[in-house]
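# Secondary and tertiary structure notes
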Amino acid sequence: MDYEFAYSFKKPQLTNNWILDMNPLSKLNLLIILFIIPITVQSWKWNVMIIIFYFLVALVAGCFKRFTRLYLRFGLMVGLLLFVLRALFIPGENLLYKLWFINITQEGVDSGLQFSTLVVAICGAIILYSIVTRAKDFMYMIEKLGASRVISYVILSSFQSIIDLGEMSKVILDSQRARGIETEGNIRQRIKAFIPILGPLFLGAISNAEEKAIAMDARAFSMPIKNTHLCHLRSLPVGEKAILIAANIAFIGFVVWRLMA
Amino acid sequence: MIELKDVTFAYPNGYIANENLNLVINNGERVAIIGQNGAGKTTAVKLMNRLNKPTTGDVIVDGNNTKERTTAQISAYVGYVFQNPDEQIFNSTVAMEVEYMLKYRKLDQKDIDRRRDRAVELTGIQDYLKMNPLDVPYSLRKFITIAVVLAMETPYIILDEPTAGQDLQGLKTLSNMMDALQDEGRSVITITHDMEFVADHFTRVVAMANKQIIADDTADNIFWNAEVIKEARIKEPQIGEIAKELGLKGNIIHRRDLVDALSHQKKAFIRGGSNEKE
Amino acid sequence: MSYIELKQVSYQYPLASEWALNDVTYSFEKGKLYGIIGANRGGKTTLCNLVRGFIPHFYQGELMGQVLIEGKDIREWENHQLSTEIGYIFQNPFSQISGVKETVFEEIALGLENLGVDKDEMIERTIQVVKWLKLEDLIKKNPNNLSGGQRQRVAFASIIVMNHDILVIDEPTSQLDPSSTAEVFEIIHMLKEQKKTILLVEHKVELIAEYADEVLVFEKGQIASYGSPADILSRKDLMERGISIPSVALLGHEMREKNMAMDSIPITKSQALEQILKGGKNDD
Ligand SMILES: Nc1ncnc2c1ncn2[C@@H]1O[C@H](COP(=O)(O)OP(=O)(O)OP(=O)(O)O)[C@@H](O)[C@H]1O
Ligand SMILES: Nc1ncnc2c1ncn2[C@@H]1O[C@H](COP(=O)(O)OP(=O)(O)OP(=O)(O)O)[C@@H](O)[C@H]1O
Ligand SMILES: [Mg+2]
Ligand SMILES: [Mg+2]
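Thresholds, definitions, all that
- Residues numbered from 1 in each chain as written.
- Chains lettered and ligands numbered in written order.
- Predicted model: local features only at pLDDT ≥ 70, side-chain atom pairs only at ≥ 80, totals over all residues.
- Heavy atoms only, no water.
- Donors = N, O, S within 2.8 Å, 3.2 Å for Na, K, Ca; no water.
- Helix = DSSP H or I, 4+ residues; strand = E, 2+ residues; numbered from the N terminus.
- Contact = heavy atoms within 4.5 Å.
- Buried area = accessible area lost by both parts, 1.4 Å probe.
- Salt bridge = Lys/Arg side-chain N within 4 Å of Asp/Glu carboxyl O.
- Polar contact = N/O pair within 3.5 Å; in protein donor to acceptor, adjacent residues only side chain to side chain.
- Domains from an automatic or database assignment.
- Nonpolar A, V, L, I, M, F, W, Y, C, P; charged D, E, K, R; others polar.
- Buried < 20%, exposed > 50% of the residue type's maximum accessible area, 1.4 Å probe, protein only.
- Pairing = 2+ DSSP bridges.

So, on to the coordination of the magnesium ion (ligand 4). Coordination sphere of the magnesium ion (ligand 4), protein contribution only: Thr45 of chain C (OG1) and Gln91 of chain C (OE1), at 1.9 to 2.3 Å. Of the two residues, threonine 45 of chain C sits in helix 1 (residues 44-51) while glutamine 91 of chain C sits in the loop between strand 6 (86-89) and helix 4 (104-114), which places them 46 residues apart along the sequence.

Here it is as structure tokens:
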């Protein structure tokens, strides 16, 4: 029996990486700032800078690979799509290129660039948060804020099912491959394999939800008492408090400055 | 023939689940794989259709190294029924589930009907074709996934824990089905924890423990090998246990053999000193 | 006094064309271990759902008759009261992992968090069941990366750690190797010694013969027979109805047919050995 591990739950579980160990609320605070900046600034250059900044944060937090994979998959795909749509269909004066009936204009490209980087930057804040925040810390936090167990579970498991979409679709893709649907070839084959699983991904989520709900009920999820926690978080260190205050003051200053300008 | 040659497999998190597996499964052969929970049985059979890619070593199916094939290509040879049926099912009726791949492969309707009917008959799921697979009880859900694989008519069929939760009739359906498949010359590889079922329906048994194959022998030899029993955390059928405690010879694991032995050498075993053991 | 009482209970799942339970009347007494056997689709799991209150609290459908837990109608129990009173281990081991915990240790402790047990006690109780179920090597693993049998043992541990007075256990060993199966039965036996009331559904009749106080045979939604293991599990006619009996009982019948001495039909290995040795001696 690994008692050391069992008793490690008596202390906060730290990873010794200051970003990961930061309180989830502090992280939320900082990321909300990053979330709002692109909305107030409205400049694609700022957006790109913030996006680059996310990668740096992920690097420092030691989650670069995981972040990059997820971000490329969701964020950049969406971004590219939005850019193309805008670039193709926003009308303007300065024609850049003509393709049959489609006019690509400078305005379209600008607007596409602006809008897509904005969305990608915002997506980035959310994805980064989900990567650098341990699920259980997040659960702990929202329960401490007064959310019931059921609510935190629902939030958490939907939060996770987004992350786990990869996991879940891997299970289904495995079953597809085992029957003979090609999933390993070129992009066309992958898409072809993916279409039949869209249904079960959706249905599976529903039927699982039903079975899960009963299974979780057996674990006393519906108890109307305040639940306790096996894991807890450390109280806010002074340094972290200082960073937060500084960041918030700087942010408010920045917003005021932008509004004046 | 399926051949595992010195295969080692590690999961993405680094955990090594199979070590130096060597195994040959011939055409038309019936093999049971038994062994402790977590021994690596499921992991090992998934190597055979490349759902798991060997970290080192080779897996050869009918002369082809699986390295050069995709799982989808191998599926024409090796059919795999998952341990957890819920990982496999995704259509909204049982009939659609069984026909899905046949339609995908664009077989002609007559062939589809024939294969479906045969698979349905072998698994005994006639009455449930119109139901949603997720609404039928667990034991039956397993048979649906088996029917799906049978309809593919592959030369090798792997069943992962088909006996779990089955009643007498279910076990009978399974054994009849294995007989029928063997008559057609197909190989059936069955992972199971049901020792009576193994004793009754298999001659060749592969025992796994701690990531490795620790024995590959006949059922009666395995059940009379104390070391294998202990390591693989298996148990001989009760009949075998009794024969052992009575000090009977001949690696008995079947009831009729025990009755025979008892009626012939009743006096002998009493004098043989088994009383003293008590 | 009967502890759990079913009075002429019938139940039909929503949209189902047949009754899953049909006029079931039975009283379960406190502190006993009930072995529930029967062919597939006989209604065993439905009985479990009913006693735990998932019917009618969760499953709709038509329920007739009365289910009383400690004298109080199941409809009057609050769902959360039932979750502290009755532990339920599900038939499908694959759907019981919460999916939100990163290690097996935390997964097992989850129920205790919900019951508001304080941290020190939670750790001690979790350690206790980890030892009972010999899960020491798994506690640091991710619950999503377990083998089928490992999952089932973790699911079992996750419920018994909550220490309910009544346990409803639906095929707890379906994915387990024979040694783990024996261990789980030892634990169930130990729980009975702790005066818990246990309803145990199981196809492995050898173990039911060994441990159960009473046996109930379910057939087509009804209790076809009930009684002591010795009375029920020695009956050869059950085989013809698709319900297995211990292989030693079959051995006993076969020996009788061959006119070999056999006072009573054995249902456990030790009884069989005793009978055989006695029979042998009589011949001497
Ligand atoms: N996805 C995974 N990632 C990491 N480890 C895994 C994964 N799946 C299984 N394992 C581990 O690999 C080992 C072998 O698992 P496997 O499923 O092959 O066992 P098994 O012999 O089929 O057991 P069972 O009889 O319980 O089904 C186990 O210790 C398990 O915890
Ligand atoms: N969710 C459901 N919806 C509709 N019908 C159901 C549902 N669950 C079970 N049934 C039906 O109720 C009947 C009794 O099923 P139940 O699961 O109670 O049997 P069981 O004895 O537990 O069988 P098994 O040994 O296969 O677990 C069966 O006919 C089954 O098809
Ligand atoms: Mg397995
Ligand atoms: Mg059941």
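On we go.
In this section: the interface of chain C and chain A. Every contact between the two is made by 47 residues of chain C and, on the other side, 40 residues of chain A. Of the roughly 3,700 Å² buried where chain C meets chain A, counting both sides, 61% is carbon and sulfur surface. Three residues stand out in chain C for area buried against chain A, namely Val100, Asn114 and Lys119 of chain C, and they jointly supply 18% of the buried area on that side. With its nearest N and O atoms 3.0 Å apart, the salt bridge here joins aspartate 2 of chain A to lysine 140 of chain C. Joining chain C to chain A, the criterion identifies 15 residue pairs in polar contact (both at pLDDT 80 or more).

Time to look at the domain arrangement of chain C. Residue and element names in this part refer to chain C. Each domain of chain C was delimited in the assignment, giving domain 1 (2-245) and domain 2 (246-284). Taken over C-alpha atoms, the centre of domain 1 sits 33 Å from the centre of domain 2. Contact residues are listed per partner, giving 11 residues for domain 1 and 9 residues for domain 2. In this assembly, domain 1 and domain 2 are joined by 1 salt bridge. As a salt-bridge pair, lysine 236 and glutamate 257 come within 3.0 Å of each other at their nearest N and O atoms. Here domain 1 and domain 2 share 4 residue pairs in polar contact (both at pLDDT 80 or more) between them. In terms of residue count, helix 8 (residues 205-211) provides more of the side of domain 1 that touches domain 2 than any other element does, 4 residues in total. When the residues that make up the side of domain 1 that touches domain 2 are grouped by side-chain class, the tally is 7 nonpolar, 1 polar and 3 charged.

Residue and element names in this part refer to chain B. Extensive coverage of strand 9 (residues 204-209) is indicated by the burial of 6 of its 6 residues. Residue alternation in strand 9 divides its side chains into two sets, Arg204, Val206 and Met208 and Val205, Ala207 and Ala209, and both sets are buried. Following strand 9, the chain reverses through 2 residues before pairing antiparallel with strand 10 (residues 212-218); asparagine 210 in that reversal takes a positive phi of roughly 45°.

Our next topic: the side chain of serine 10 of chain C. Residue and element names in this part refer to chain C. Counting through the fold element by element, serine 10 comes out in strand 1 (residues 2-12). With a relative accessible area of 7%, serine 10 lands in the buried category. Reaching out from serine 10, the side chain makes a polar contact with the backbone nitrogen of aspartate 23 at a distance of 2.8 Å. Dropping the residues within four chain positions of it, serine 10 is found in contact with Trp19, Leu21, Asn22, Asp23, Glu62, Leu63 and Met64.

Attention shifts here to the interface of chain B and chain A. Counting residues at the interface gives 23 residues for chain B and 16 residues for chain A. Overall, the association of chain B and chain A removes approximately 1,800 Å² of surface from exposure, summing both partners, and the carbon and sulfur fraction of that is 57%. Its largest share of buried area at the contact with chain A, chain B owes to Ala72, Phe90 and Tyr104 of chain B, together 29% of the area lost on that side. At the boundary of chain B with chain A, the tally comes to 1 salt bridge. Between the two partners, chain B and chain A, sit 4 residue pairs in polar contact (both at pLDDT 80 or more). Among the elements of the structure, helix 2 (71-74) and helix 3 (94-104) of chain B are those that each provide at least two residues to the side of chain B that touches chain A. Counting residues per element, the side of chain B that touches chain A draws most heavily on helix 3 of chain B, which supplies 4 residues. Classifying every residue of the side of chain B that touches chain A by side-chain character gives 11 nonpolar, 6 polar and 6 charged.

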